[in-house]
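# Working through the structure, step by step
Residues per chain are reported as follows:
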Amino acid sequence: MKISSIIKIAALALPLVLTSCGSKKKVVSGPVTMNAETRERVDFISSVQENFQTTKFMTSKVKFSVEVGPQKLTLTGNLKMKRDDVIRLQLMAFGFVEAGRIEMTKDYVLIMDRINKQYLKAPWMSVDFLRNSGLNFNTIQALFWNELFRPNQVKSEKQSLDSLAAYNIIESGDDMILSFEEGKMDYSWLASKETALLKMANILYKDRFNGNTQLNWDYDQFERLNKTLYPRKHGITLTTPEKEVKLGMTMSYIGAESEWETRTEISNKYREVTVDEILHRFMSL
């Protein structure tokens, strides 16, 4: 269950909601026009966008912590990302043997069980939740890169002023909460007033029949990566009607190595399996 929790979070990144405490003052909500007040709000969101990463690669060794109810697990691995191309998580057993790999591209999600030589490779659109909610590779990429996004966004790029004006903004102490709704989805981000850095990303998938699913993605310990800052610590909490899973990712360094293969070749020695089969194997590690 512990390893499968990592896979579910990293590969599917199910949605979440922002819950915040303290007094709040509403700044702007609902339909907006580009008047002077709106322009001021848009300027702040634009400053959030200015913190977008300018490097094409991000790599690091990672310490993972997983908590599912009373069960806890700590393991190591690697995170490798190439902007607009691939996100790869490698999970290590005993500190030096690759036990599993999760690879996400614009076209597919690949989950590999190295120990039992099994794999699952599926296009994003074959996952009902992702297709129905508008989440795609660019959304998941934005969460990993600590960036603002819009659902169904086809490119990793800064949004237009008109698009920025559609966000609602709530002031909360030293922070600003950016949010908008779309269908069954609520999206929220917590940004520092002073630095305009995103401190938290939140998404809520509302399902009145089966219960809500929510994901909370915290960012901390920012360090310089090229011209901007990147969070070395990620705290992820996935809450479903059945359970809560907590995943921590702490990076030992923040690098930008580019000399690595961005696609995994699947040997003919590997057997393709279903989701249930591969998760059952990972749970036994």
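What counts, and at which threshold
- The residue count restarts for each chain, going from 1 along the sequence in the order it is written.
- Local features in this predicted model are restricted to residues whose pLDDT is 70 or higher, and side-chain atom pairs enter the listing and the counts only when it is 80 or higher, whereas totals over whole chains, interfaces and linings include all residues.
- In computing side-chain values, all of the structure's heavy atoms are included and hydrogens and water are not.
- Secondary structure follows DSSP: runs of H or I at least 4 residues long count as helices, runs of E at least 2 residues long count as strands, and numbering of each begins at the N terminus.
- Buried residues are those whose accessible area, probed at 1.4 Å on protein chains only, stays under 20% of the maximum for their type, while exposed residues exceed 50% and partly exposed ones sit between those limits.
- The contact criterion used is simple: two residues touch if any of their non-hydrogen atoms lie within 4.5 Å.
- With residues, only the protein chains shown are counted as cover, and all accessible areas are computed by Shrake-Rupley using a 1.4 Å probe.
- For a helix, the expected span equals 1.5 Å multiplied by the residue count minus one.
- Scored from 0 to 100, pLDDT records how confident the predictor is in each individual residue.
- A pairing counts as a salt bridge when a side-chain nitrogen of Lys or Arg comes within 4 Å of a carboxyl oxygen of Asp or Glu.
- Nine residue types can take part in a nonpolar core, namely buried Ala, Val, Leu, Ile, Met, Phe, Trp, Tyr and Cys, and a core is a set of them joined through side-chain atoms within 4.5 Å.
- Any two strands with at least two DSSP bridges between them are considered paired.
- Centres within 6.5 Å make a pair out of two Phe, Tyr or Trp rings, where for Trp the six-membered ring is used; the pair is then stacked when the planes are under 30 degrees apart, edge-to-face when over 60, and tilted otherwise.

### Regarding the overall build of the chain
Of the regular secondary structure elements, the chain holds 6 helices and 15 strands. Counting only residues that meet the buried cut, the chain has 53% of its 285 residues in that class. When contacts within the chain are restricted to residue pairs at least 6 apart in sequence, those whose partners lie at least 24 apart make up 56%. Roughly 13800 Å² of accessible area belongs to the chain as shown, and the carbon and sulfur atoms make up 49% of that amount.

### Quick word on the environment of asparagine 210
Within the secondary structure, asparagine 210 is located in the loop between strand S11 (198-205) and strand S12 (213-225). Accessibility expressed as a relative area gives 57% for asparagine 210, which makes it exposed. Through-space distance from the C-alpha of asparagine 210 to that of threonine 240 is 9.6 Å; in sequence the pair is 30 residues apart.

### Digging into helix H2 (residues 36-49)
In this model H2 runs 20 Å from its N-terminal to its C-terminal C-alpha over 14 residues, within 8% of the 20 Å that 1.5 Å per residue would give. Within the sequence span of H2, burial applies to Thr38, Arg41, Val42, Phe44, Ile45, Ser46, Val48 and Gln49.

### Quick word on the confidence of the model for the chain
Taken over all residues, the pLDDT of the chain has a mean of 81, while the share at 70 or more is 78%. A low-confidence stretch, residues 1-32 (pLDDT under 50), is modelled with 113 contacts involving residues beyond four sequence positions or located in other chains.

### Examining the side chain of threonine 262
Inspection of the secondary structure assignment puts threonine 262 in the loop between strand S14 (244-251) and strand S15 (271-272). Exposure remark for threonine 262: the relative accessible area of 19% places this residue in the buried category. In contact with threonine 262, not counting residues within four places along its chain, are Lys82, Asp85, Val86, Arg88 and Glu103.

### With respect to the pattern of salt bridges
When the charged atoms of two side chains with opposite charge come close together, those side chains can pair. A complete count under the given rule lists 9 salt bridges for this structure. Note that lysine 193 and glutamate 171 form a salt bridge whose closest N and O atoms lie 2.5 Å from each other. Taken as a pair, lysine 193 in the loop between strand S10 (185-192) and S11 and glutamate 171 in strand S8 (residues 168-172) lie far apart in primary sequence, 22 residues in all. Given the relative accessible area of 23%, glutamate 171 is considered partly exposed. A salt bridge links glutamate 223 to arginine 232; the shortest N-O distance between them is 2.9 Å. Ionic contacts of the salt-bridge type, sharing partners, join the residues Glu98, Arg101 and Arg114 into one network.

### Re the nonpolar core
Counting 58 residues, the largest nonpolar core has Phe144 and Trp189 as the members making the most contacts within it. Looking at this core, the element that brings in the most residues is helix H4 (residues 137-145), giving 6 residues. Counting 5 residues, the second-largest nonpolar core is a separate cluster that includes Tyr108, Leu110, Met112 and Tyr119.

### Considering the pairing of strand S9 (residues 175-182)
When you tally the buried positions in S9, you get 6 out of 8 residues, the bulk of the element. Of the strand pairs in this sheet, S8 and S9 are connected by 5 bridges, and their pairing is antiparallel. Across the sheet, the residue bridging to isoleucine 169 is leucine 178, located in S9. What sits between the antiparallel neighbours S8 and S9 is a turn of 2 residues, in which glycine 173 has the positive phi angle 60°. Sheet topology note: the S9/S10 ladder contains 8 bridges and is antiparallel. Following the sheet pairing, aspartate 175 is matched in S10 by serine 192. Between the antiparallel neighbours S9 and S10 lie 2 residues, among them glycine 183 with a positive phi of about 60°.

### A word on the packing of aromatic side chains
Considering all chains together, one arrives at 10 aromatic pairs under this definition. Relative to phenylalanine 137, the ring of tryptophan 124 lies with its centre 6.5 Å away and its plane at 70°, an arrangement referred to as edge-to-face. Placement of tryptophan 124 in the loop between strand S7 (118-123) and helix H3 (128-133) and of phenylalanine 137 in helix H4 is noted, with a sequence separation of 13 residues between them. A ring pair is formed by phenylalanine 149 and tryptophan 189, whose centres lie 5.2 Å apart and whose planes are at 80°; its orientation type is edge-to-face. On the criterion of sequence distance, the pair formed by phenylalanine 149 in the loop between H4 and helix H5 (161-164) and tryptophan 189 in strand S10 is long-range, its members being 40 residues apart.

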